[in-house]
Amino acid sequence: MSADDDFFINFDAKKLSEADLGRLIEHHNRCYWEKGEQEIPDERYDELLRALEKINPEHPLVLAVHAPKVAAIGKVTHAKPMLSLNKAYSLEDVLGWAGKCIRNEDELLLIQPKYDGISANFANGVLATRGDGEIGENISDKIPLIELETTNYKGALKRPARGEIVIRDDDFKTIYQNIARKGGRAYKNSRNAVAGIMGLKDISDMLRQKAKLTLVDYDMISYSIPFKQLSTEWPRIIAELEALPYPMDGIVIKLADSAYSDSLGNTAHHPRGQIAFKFSGIRQESPLLNVQWSFGKNCLTPVAEIEPVDIGGITIRHATLHNVQNIIDRDIHIGDIVTVERAGDVIPYIVSAKPGEHRKVALIERCPCCNTVLKRSGPELCCPNHDCFETRVQRLCASVRNIGIERLGEPNIRRMMQVLGVRTLKDIFKLTMIDILKLEGFKEKSASNLLNEIKSARSVNDFQVLAALNIPNIGVNVAKAILTAHTIQELRKLSIEKLSEINGIGPERAGAISRELAAQKEILDELLECVEVKQTKGTGSANLPKICFTGKMPEQRGYYEDLAKQKGYEAVDSVTQDLALLVAADVSASGGKLDKARKSNIKIIALEDWLKSGKAEPIADDPAPDSVEKSTAASEESSTGIPKKQGFFNF
Ligand SMILES: [Zn+2]
């Protein structure tokens, strides 16, 4: 790498002078708009711009943000200026801005996509870029290439509109695969293609190749919500907007009352009544260095190992890829440039990928632990070998959690398996002081503590025993529901038909229960010999899902507990494995109950959402960490596939 590359690419924006920031931005503007080649990801470019804006908000480069060099046929003075928007990089920024503008909590806000293209205005038959906001470039010669999409209209550019010239994602995937730019190569991405085409003096070649661009009217897609719902609706709206077929780099939030918004006026460069939230605050691009496969009790979860990036002050090295189907659908290879997102409390995940120069297959065919050929199960990849050590570790860990030996974690379970030959829960219950002292790190005191913990777990609810068998989709809550109607011994004799009649079980789970109870007959018998089972059936502890509250809430706790009872829950004080729901005043806070619930993958819900929700479900879903998800790759907001600290395998 040359010294120049180092200066232009490996910079620390916060340490650069105004002059150097200017040099860098100009360089990257040239790369982007003139050469159509991007040397740094958008996020890095934004870092430069933010740093420069901080030093000198009036800098011409700040003012001319993303103003592309277009091949124009003259200048156009805008009747109403096209100002650029002030930027926000977090929800807190957005709320801070809104707090200054709104008249009350019910003030309506509009949320619209922030398209990633070229801003343009079409009026009186003239198409013009934003330019500096006052005077734009006349690009009317490009009109034959552009289709207008506005409210209730899609067709030739014949109606006045203010919006963004983009290439729709679907068009880019189809039409643009066959469009050659000068030199014969295809465009790398839709933004480069827009810039490239708008920079052409002569579009006849593009017309011949049937290139198509779209002017999307800013107001065509718009969500209207009151301010007080902004925080809770935020993730859903972002997810829905992102599913639209237009390139975007953020969203725009504006006051719905345009007269009021206008009355607030403008700062030097930005209207006060609008703000743009940039995805770059929650996203970064980074090369995918490797894919590690994290073992779960039923399947393997791919975890991306990326070159470390900083998002919101946290260094991200790993991000979940959810499952194998997701890798296939997104055509992700090692060596690609992936976009990782970290928003709120969700585990960082890979949003998208761009092909890298040296690509290596990310998929595996054989189990990294036992070399058995892996099998697909829905979107997941599973090791079918019952003796696979890593799978057994994870299954035993899950059993230990479900049976309630809380302080026995994975590292010690792993040691017990390696050193003492432990295979099942029964073996753990039979451990002696002498055994435990053989394990690394144990002294008499700690060994005796662990033994006591194991001993106290001998007194156990029958649903914990059933959940400890690791039958797919039978977690503690489902097990409890089943054992309210039948005892374990009755359950073993029930037909699949009878089983599936239990409320909420259905034929699929019934089949799995019947099959596994037979397959694990000996394991269950041995386990039942070691433990003292408390029977659920007939104890009157009805089949109510447990709910727990945490955090400072507007009303007394008793108020919510009564409400919970009305909704069909049993309110409890602590977070246990069989808890169905934790209601939090602040879901993003940390603390005892919240941390514990996150660790145990117990569903956490914000108080306001819970208040809006209906009655409790008769049977909650299995909260087990790697329960197979119904939805597959498309669910970007899904938070399954927790990267585990242990059990990584590299290739
Ligand atoms: Zn295996």
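Residues numbered from 1 in each chain as written. Predicted model: local features only at pLDDT ≥ 70, side-chain atom pairs only at ≥ 80, totals over all residues. Heavy atoms only, no water.

K.L.:
What is the right way to read the overall build of the chain from this model?
P.N.:
Regarding its fold elements, the chain presents 25 helices and 26 strands. Projected onto its principal axes, the C-alpha coordinates of the chain cover approximately 90 × 55 × 50 Å. The buried share of the chain, taken over its 651 residues, is 49%. Considering only residue pairs separated by 6 or more positions, the chain has 68% of its internal contacts joining residues 24 or more positions apart. Accessible area of the chain: about 31200 Å², with a carbon and sulfur share of 50%. (Helix = DSSP H or I, 4+ residues; strand = E, 2+ residues; numbered from the N terminus. Buried < 20%, exposed > 50% of the residue type's maximum accessible area, 1.4 Å probe, protein only. Contact = heavy atoms within 4.5 Å. Areas by Shrake-Rupley, 256 points an atom, 1.4 Å probe, with all protein chains shown as cover.)

K.L.:
Quick question: what am I supposed to make of the pairing of strand β8 (residues 153-156) here?
P.N.:
In the case of a regular strand, side chains alternate between the two sheet surfaces. Pairing of strand β7 (residues 146-150) with β8 involves four bridges; the strand directions are antiparallel. Bridged to Glu 149 within β8 is Lys 154. Where β7 folds back on β8, the antiparallel hairpin that results is connected by two residues, among which Asn 152 adopts a positive phi of roughly 60°. (Pairing = 2+ DSSP bridges.)

K.L.:
Even after reading the chapter, I still don't get the packing of aromatic side chains, so can you show me in this structure?
P.N.:
Think of a pair of aromatic rings as described by two things: how far the centres are apart, and how the planes are tilted against each other in angle. Tallying each qualifying case throughout the model produces nine aromatic pairs. Relative to Trp 610, the ring of Phe 549 has its centre 5.3 Å away and its plane inclined at 75°; by these criteria the two rings are edge-to-face. Remark: Trp 610 occurs in helix α25 (residues 607-612) and Phe 549 occurs in strand β23 (residues 546-550); sequence separation between them is 61 residues. Judged by relative accessible area, Trp 610 falls into the buried class, the value being 0%. Members of the aromatic cluster, each reached through a chain of ring pairs, are Phe 549, Tyr 559, Tyr 560, Tyr 569 and Trp 610. Over the aromatic face of Phe 11 sits the side chain of Arg 44, whose NZ or CZ is 4.0 Å from the ring centroid. Directly above the aromatic system of Phe 279 lies the positively charged group of Arg 283, at a separation of 4.5 Å from the ring centroid. (Phe/Tyr/Trp six-rings, centres within 6.5 Å; stacked < 30°, edge-to-face > 60°. Lys NZ or Arg CZ within 6 Å of the ring centre and 35° of its normal.)

K.L.:
Help me understand the coordination of the zinc ion, please; the structure alone is not making it clear to me.
P.N.:
By definition of the ideal shapes, a tetrahedral metal site with four donors has angles of 109.5 degrees and an octahedral site with six donors has angles of 90 or 180 degrees. For the zinc ion, the full set of protein donor atoms is Cys 367 (SG), Cys 370 (SG), Cys 383 (SG) and Cys 388 (SG), at a range of 2.2 to 2.3 Å. Seen from the zinc ion, its four donor atoms lie at angles of 100 to 113°, and the figure they make is tetrahedral. Residue Cys 388 is classed as buried on the basis of its relative accessible area of 0%. (Donors = N, O, S within 2.8 Å, 3.2 Å for Na, K, Ca; no water. Tetrahedral: all angles 85-135°; square planar, octahedral: opposite > 155°, others 65-115°.)

K.L.:
Can you walk me through the sheet that holds strand β12 (residues 248-255) in this structure?
P.N.:
The strands making up a sheet associate through backbone hydrogen bonding, with each pair oriented either parallel or antiparallel. The five strands are arranged β2-β13-β12-β3-β11 in an open sheet whose pairing can be described as mixed. Two strands close off the open sheet at either side, each with one partner strand: β2 (87-88) and β11 (223-226). Both β12 and strand β13 (residues 274-278) contribute to a ladder of five bridges, which runs antiparallel. The residue of β13 that forms the bridge with Ile 253 is Ile 275. Across the sheet, helix α5 (residues 91-101) is in contact with β2, β3 (108-115), β12 and β13; its angle to β12 comes to roughly 20°. (Axes fitted to C-alpha atoms, helices over the stretch in contact; angles between N-to-C directions.)

K.L.:
Would you take a moment to explain the pattern of salt bridges for this structure?
P.N.:
Evaluation of the coordinates by the stated rule reveals 37 salt bridges. A salt bridge links Glu 47 to Arg 44; the shortest N-O distance between them is 2.9 Å. In this pair, Glu 47 and Arg 44 both sit in helix α3 (residues 42-55), three residues apart, roughly one turn of the helix. Here Lys 228 makes a salt bridge to Asp 106, at a shortest N to O gap of 2.7 Å. A residue pair is termed long-range when its members are at least 10 positions apart, and Lys 228 in the loop between β11 and α9 (230-242) and Asp 106 in the loop between α5 and β3 qualify at 122 residues. Overall, Lys 228 belongs to the partly exposed group, its relative accessible area being 45%. (Salt bridge = Lys/Arg side-chain N within 4 Å of Asp/Glu carboxyl O.)

K.L.:
Would you mind showing me how to read α3 here?
P.N.:
Turn by turn, an α-helix covers 3.6 residues, leaving residues three or four places apart pointing in a common direction. Relative to the 20 Å expected for 14 residues at 1.5 Å per residue, α3 spans 20 Å between its end C-alpha atoms, a close match to the ideal helical length. All of the buried residues in α3 are Glu 43, Arg 44, Tyr 45, Asp 46, Leu 48, Leu 49, Ala 51 and Leu 52. (Expected span 1.5 Å × (residues − 1).)

K.L.:
Whenever I open this one, the sheet that holds strand β26 (residues 604-606) confuses me. Can you help?
P.N.:
Within the open sheet, the four strands sit side by side as β24-β23-β25-β26. Their pairing is parallel. Across the chains shown, the open sheet's two edge strands, defined by having one partner strand only, are β24 (570-571) and β26.

K.L.:
Any chance you could explain the domain arrangement of the chain here in plain terms?
P.N.:
As a measure of interface size, the accessible area lost when the parts come together is often cited. For the chain, the domain assignment lists domain 1 (3-63), domain 2 (75-280), domain 3 (284-379), domain 4 (413-542) and domain 5 (546-612). Domain 1 and domain 5 are separated by 47 Å when their C-alpha centres are compared. (Domains from an automatic or database assignment.)

K.L.:
I'm lost on the nonpolar core in this one. Help?
P.N.:
Across soluble globular proteins, nonpolar side chains have a tendency to be buried as a group. Counting 50 residues, the largest nonpolar core has Ile 405, Ile 428, Phe 429, Leu 466 and Ile 482 as the members making the most contacts within it. Apart from residues lying up to four places away in sequence, Leu 466 is in contact with Ile 471, Ile 474, Ala 479, Ile 482, Leu 483, Leu 491 and Leu 517. Formed by 30 residues, the second largest nonpolar core is a distinct cluster that contains Val 216, Phe 227, Ile 275 and Phe 279. (Core = buried A, V, L, I, M, F, W, Y, C linked by side-chain atoms within 4.5 Å.)

K.L.:
Is there a simple way to explain helix α22 (residues 521-530) in this structure?
P.N.:
For α22, every residue scored as buried is listed here: Leu 524, Leu 527 and Cys 530. The buried residues of α22 occupy an angular sector of 120° when the element is viewed end-on, so they sit on one face. Within α22, the exposed residues directed more than 90 degrees away from the buried face are Glu 522 and Glu 529. Its buried side turned inward, α22 meets α14 (425-429), α17 (462-467), α19 (488-493), α21 (506-519) and β22 (532-534). (Arc of directions from axis to C-beta.)

K.L.:
Is there a simple way to think about the side chain of His 28 in this case?
P.N.:
By secondary structure assignment, the location of His 28 is in helix α2 (residues 18-35). Those residues within four positions of His 28 in sequence are excluded, and the remaining contacts are Phe 8, Phe 11, Glu 39, Ile 40, Tyr 45 and Leu 48.

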